[in-house]
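The chain contents come next:
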Amino acid sequence: MPAVDFPEKKEIMGVGVHPLTLGEAVAIIGNWIEQRKDDGGATRQVVTLNAEMLFRAQGDPALRGLLRQADLVVPDGHGVVWAGRRSGYRIPERVTGIDLINSLAEAGENRWSFYLLGSAPGVAEDAAINLQRAYPGLIVAGTGHGYFDPAETPAVIRRIRDAAPDLLLVALGSPRQEFFIRDHRQELGAAVAMGVGGSLDVLSGRLRRAPALFRELHLEWLYRLIQEPSRWRRMLVLPRFAWTVLLKGRGGKG
Ligand code: UDP
């Protein structure tokens, strides 16, 4: 992996975000995995921050604390990139969970092992099969669904630790997946863990990713709403988020 300058977090609405490209994020995570093979240590936490989570953090000190401690926070979503640019920062691009997973799977072929935890029963298995079809050298250390009882958490963690993955992808819904990683980072035994939201549903083929046109028009949220109409209530935070960004006006500098 090429060495990459690790940028300082830029403060966007009180939350530190790393302004990097997808390629830089992959190189940083890859270097952590390679280092970890030599020196052990606690799991590093990667957060892909979208507008919903950033808005939620405004009124949630526990989530703000988690984001402050996270090793890598990338701007997943046009909303976060826009809010950052309005604060005067140079945010190079949006770095989505699904692009990170695909790029890491490609970069780590035949080298890094992946554990996929979360989503409905069968989803993580299908996502792993599809990823292996796309990247035949992908090493899958294990899979597990995300509808376990709190009492089963120690057994879920034990299975992950026994599998000793380099990279753990956690899809338990946001921000539960982020707290799961933070709370268990000493026990998980993975080099790096990342919350991936609905990405396993997309990789498994259960949900479709918005076509390029929707993405270019910044209408990914609309595409998702059409596929999952029950999300409408949660999506009401998006106009409130936009309003908050507009009211704050220009703040910091790049
Ligand atoms: N999920 C899960 N266990 C739960 C709740 C959710 O595994 O108890 C999974 C859900 O099946 C989906 C993923 O978490 O695959 C993302 O959930 P959601 O759409 O709520 O989160 P977001 O994409 O907004 O992070």
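Refer to the structure printed above.
Keep in mind that what you see is a predicted model, and the values were worked out from it rather than measured. Counting restarts for each chain: residues are numbered from 1 in the order of the written sequence. It should be noted that, the model being predicted, local features are given only for residues of pLDDT at least 70 and side-chain atom pairs only at 80 or more, the latter also being counted only at that level, while totals for whole chains, interfaces and linings use all residues. Only hydrogens and water are removed before side-chain values are computed, so all heavy atoms of the structure are retained for them.

A.B. asks: Tell me about the pairing of strand E6 (residues 139–144), residues and numbers included.
C.D. replies: Two strands qualify as a pair provided DSSP detects at least 2 bridges between them. By the criteria applied, helices consist of DSSP H or I runs no shorter than four residues and strands consist of E runs no shorter than two, each listed in order from the N terminus. Bridge count for strand E5 (residues 113–118) against E6 is 5 bridges, and the pairing is parallel. Bridging across to E6, Leu116 finds its partner in Thr143. Considered for its hand, the β-α-β crossover made up of E5, helix H6 (residues 123–134) and E6 is right-handed. When the strands point away from the viewer and the connection leading from the first strand across the helix to the second strand turns clockwise, the crossover is called right-handed.

A.B. asks: Residues and numbers for a nonpolar patch on the surface, please.
C.D. replies: Excluding any residue in a salt bridge, patches collect residues exceeding 30% relative accessible area, merging like charges within 9 Å and nonpolar Val, Leu, Ile, Met, Phe, Trp and Tyr side chains within 5 Å. To be clear on the numbers: accessible area is Shrake-Rupley with a 1.4 Å probe, and residue cover counts the displayed protein chains and nothing else. Put simply, a salt bridge is a Lys or Arg side-chain nitrogen that is within 4 Å of an Asp or Glu carboxyl oxygen. A surface patch of nonpolar side chains, amounting to about 450 Å² of accessible area, comprises Trp82, Trp243, Leu246 and Leu247. With 3 residues, helix H13 (residues 237–248) is the largest single contributor of residues to the nonpolar patch. Looking at where Trp82 falls in the secondary structure, it is placed in helix H4 (residues 78–86). When a residue's accessible area, from a 1.4 Å probe over protein chains only, is under 20% of the maximum for its type it is buried; when over 50% it is exposed; and in between it is partly exposed. Assessed through its relative accessible area of 33%, Trp82 is described here as partly exposed.

A.B. asks: Talk me through the sheet that holds strand E8 (residues 192–195); I want residue IDs and the actual numbers.
C.D. replies: In spatial order, the strands read E4-E3-E8-E7-E5-E6; together these 6 strands make up an open sheet with parallel pairing. The open sheet terminates on both sides in strands that have one partner only, identified here as strand E4 (72–75) and E6. For this sheet, the mean angle separating the axes of adjacent strands, direction not counted, is 20°. Both strand E7 (residues 167–171) and E8 contribute to a ladder of 4 bridges, which runs parallel. Bridging from a neighbouring strand, Leu169 pairs with Met194 of E8. The axes are straight lines fitted to the C-alpha atoms, using for helices just the contacting stretch, and the angles between their N-to-C directions are given from 0 to 180°.

A.B. asks: Residues and numbers for the site of the ligand, please.
C.D. replies: As a structural note, the neighbourhood of the ligand is formed by 16 residues, with Ser119, Gly146, Asp201, Arg231 and Arg234 the closest of them. As used in this structure description, the phrase polar contact means that two N or O atoms lie within 3.5 Å; if the pair is within protein, one of them must be able to donate a hydrogen and the other to accept it, and residues adjacent in sequence are counted only when both atoms belong to side chains. At a separation of 3.0 Å, an oxygen atom of the ligand approaches a polar backbone atom of Gly173. With respect to the ligand, the side chain of Arg176 contributes an N or O atom lying 2.7 Å from an oxygen atom. Relative to its unbound accessible surface of 530 Å², the ligand loses 81% to contact with the protein. If a single non-hydrogen atom of a residue is within 4 Å of a molecule or strand, that residue counts as near it.

A.B. asks: With reference to specific residues and values, describe the packing of helix H2 (residues 51–58) against H13.
C.D. replies: Two elements in contact, H2 and H13, have axes whose closest approach is 10 Å; the angle formed by their N-to-C orientations is 65°. Taken together, the axes of H2 and H13 are roughly perpendicular relative to one another. By crossing handedness, the relation of H2 to H13 is classed as left-handed. In this structure, H2 contributes Ala51, Glu52, Leu54, Phe55 and Gln58 to the contact, and H13 contributes Val237, Leu238, Arg240, Phe241, Thr244 and Lys248. Three residue categories are used. Nonpolar comprises Ala, Val, Leu, Ile, Met, Phe, Trp, Tyr, Cys and Pro, charged comprises Asp, Glu, Lys and Arg, and polar comprises the others, including Gly. Class assignment of the residues belonging to the contact of H2 with H13 gives a composition of 6 nonpolar, 2 polar and 3 charged. Our angle categories are set so that under 35 degrees counts as roughly parallel, over 145 as roughly antiparallel, 65 to 115 as roughly perpendicular, and the remainder as oblique. Note: crossing handedness is left-handed where the near helix turns anticlockwise from the far helix by less than a right angle, and right-handed where it turns clockwise. The contact definition used throughout considers only heavy atoms, calling two residues in contact when any of these lie within 4.5 Å.

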